[in-house]
Amino acid sequence: MNPSLSSMIVPGVLWGLVLFSVVSWAILLVKSAQYLRQKAQNKQFSKAFWGAPDLLTAAEHASQYPGSLARIASSGFEALLVEESPRTTQQLAHTINRSDRLERNLRQQIQKERRSLENGQAILASIGSTAPFIGLFGTVWGIMEALQSIGETGSASLEAVAGPIGHALIATGVGIAVAVPAVLIYNFFLRRLKLASADMDDFAHDFDALASRSAFSISRQAIASKTTAAVREAS
């Protein structure tokens, strides 16, 4: 191998690890902003949604507010708005009853939101698992260069050995220093993803129960009055 190219491998490894570190911290900033923004948006939407007097008003809020819960609600309202007419339509979407269609839409939208939140986590996992080995490769290569240099000079004194080998060991230390934050950041956002997924699942369950109480229809009539009337008729 070209000696000049061989001498560039260890610095290249170090600069690559530095790049990995920059990427990890950049993902931390971007994902933190994403989760904070989503938390604020969902809080505002939840307050407006559950404060709505009827489902039609809640549907209007879902189309006006941003955030994952608003998008999940919008997908649910879209399922409720589709007319059931299997005899006259040729579209397969109309052959599914509203209950099943609602469950499918909610589940699909939750998966979309999860994929959006998962962006960047695969990169963190890759950096955390490969950075130590990349650093170790730089160290091994640096030691090989040091031994070759010692063999060419014929000097095996401590002064001749300590400098090159010590420089090579830096790559392993840098690799570990890059991998540890990446793993911690990955675990942090994995926990946040699980909490966010649980919140979305809870909201979808509540939305399904709400739609069931309203007979899977959207109107200006309050759900509480419908329930009370149904109880009276049953009694």
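From a predicted model like this one, the values you see are computed outputs, not experimental measurements.

(A) Structural context of the overall build of the chain. Per the secondary structure count, the chain includes eight helices and zero strands. The buried share among the 235 residues of the chain stands at 34%. The contacts in the chain between residues at least 6 apart in sequence include a share of 76% that link residues at least 24 apart. Roughly 13,800 Å² of accessible area belongs to the chain as shown, and the carbon and sulfur atoms make up 63% of that amount.

(B) Region of interest: the side chain of glutamine 41. As for its position among the elements, glutamine 41 is in helix H2 (residues 9-50). Here the side chain of glutamine 41 touches glycine 67 through a polar contact of 3.4 Å, landing on its backbone nitrogen. Excluding residues within four positions of it along the chain, glutamine 41 makes contact with Pro66 and Gly67.

(C) Region of interest: the packing of aromatic side chains. Summed over all chains, the structure comprises 13 aromatic pairs. Between tryptophan 50 and phenylalanine 203 the ring centres are 6.3 Å apart and the planes differ by 75 degrees, which places this aromatic pair in the edge-to-face class. Of this pair, tryptophan 50 sits in helix H2 while phenylalanine 203 sits in helix H7 (residues 158-213), and the two are 153 residues apart along the sequence. Overall, phenylalanine 203 belongs to the buried group, its relative accessible area being 4%.

(D) Seen up close, the nonpolar core. Counting 33 residues, the largest nonpolar core has Phe45, Phe49, Ala73, Phe77, Leu102, Phe203 and Phe207 as its most contacted members. Elements with a minimum of two residues in this core: H2, helix H3 (55-64), helix H4 (68-81), helix H5 (98-118) and H7. For this core, the element with the most residues is H7, which contributes 10 residues. Leaving out residues up to four positions away in the same chain, phenylalanine 203 has contacts with Phe45, Phe49, Trp50, Leu69, Ile72 and Ala73. By size, the runner-up hydrophobic cluster in this structure holds 12 residues, among which are Val10, Trp141, Ala171 and Ala182.

(E) Expanded view of the UniProt feature "transmembrane region" (unreviewed entry) in the chain. UniProt marks residues 12-30, 122-144 and 164-190 with the feature "transmembrane region" (unreviewed entry), using the numbering shown here. Within the segment residues 12-30, helix and strand shares are 100% and 0% respectively, and the terminal C-alpha atoms sit 27 Å apart. This span, residues 122-144, is 100% helix and 0% strand, and a straight line between its end C-alpha atoms measures 33 Å.

(F) Examining H5 more closely. Over its 21 residues, H5 runs 30 Å from end to end, which matches the ideal 30 Å to within 8%, given 1.5 Å per residue. Within H5, the full set of buried residues consists of Arg98, Arg101, Leu102, Asn105, Leu106, Gln109, Ile110, Glu113 and Leu117. Around the axis of H5, the buried residues are gathered within 165 degrees of arc, so they sit on the same side. Of the residues trailing H5, glycine 120 is marked for its positive phi of about 95 degrees.

(G) Fine view of the packing of H3 against H4. One way to put it is that H3 packs onto H4 with a least axis distance of 8 Å and a crossing angle of 130 degrees. Looking at the two axes, H3 sits oblique to H4. Every pair of crossing elements has a handedness; the one defined by H3 and H4 is left-handed. Of the residues in H4, those in contact with Leu55, Ala58, Ala59, Ala62 and Ser63 of H3 are Ala70, Ala73, Ser74 and Phe77. For the contact of H3 with H4, the per-class residue count stands at seven nonpolar, two polar and no charged.

What counts, and where the lines are drawn
- Residues numbered from 1 in each chain as written.
- Predicted model: local features only at pLDDT ≥ 70, side-chain atom pairs only at ≥ 80, totals over all residues.
- Heavy atoms only, no water.
- Helix = DSSP H or I, 4+ residues; strand = E, 2+ residues; numbered from the N terminus.
- Buried < 20%, exposed > 50% of the residue type's maximum accessible area, 1.4 Å probe, protein only.
- Contact = heavy atoms within 4.5 Å.
- Areas by Shrake-Rupley, 256 points an atom, 1.4 Å probe, with all protein chains shown as cover.
- Polar contact = N/O pair within 3.5 Å; in protein donor to acceptor, adjacent residues only side chain to side chain.
- Phe/Tyr/Trp six-rings, centres within 6.5 Å; stacked < 30°, edge-to-face > 60°.
- Core = buried A, V, L, I, M, F, W, Y, C linked by side-chain atoms within 4.5 Å.
- UniProt positions renumbered as here; feature names shortened; annotations may be inferred.
- Expected span 1.5 Å × (residues − 1).
- Arc of directions from axis to C-beta.
- Axes fitted to C-alpha atoms, helices over the stretch in contact; angles between N-to-C directions.
- Parallel < 35°, antiparallel > 145°, perpendicular 65-115°, else oblique.
- Left-handed = near helix turned anticlockwise from the far one by under 90°.
- Nonpolar A, V, L, I, M, F, W, Y, C, P; charged D, E, K, R; others polar.

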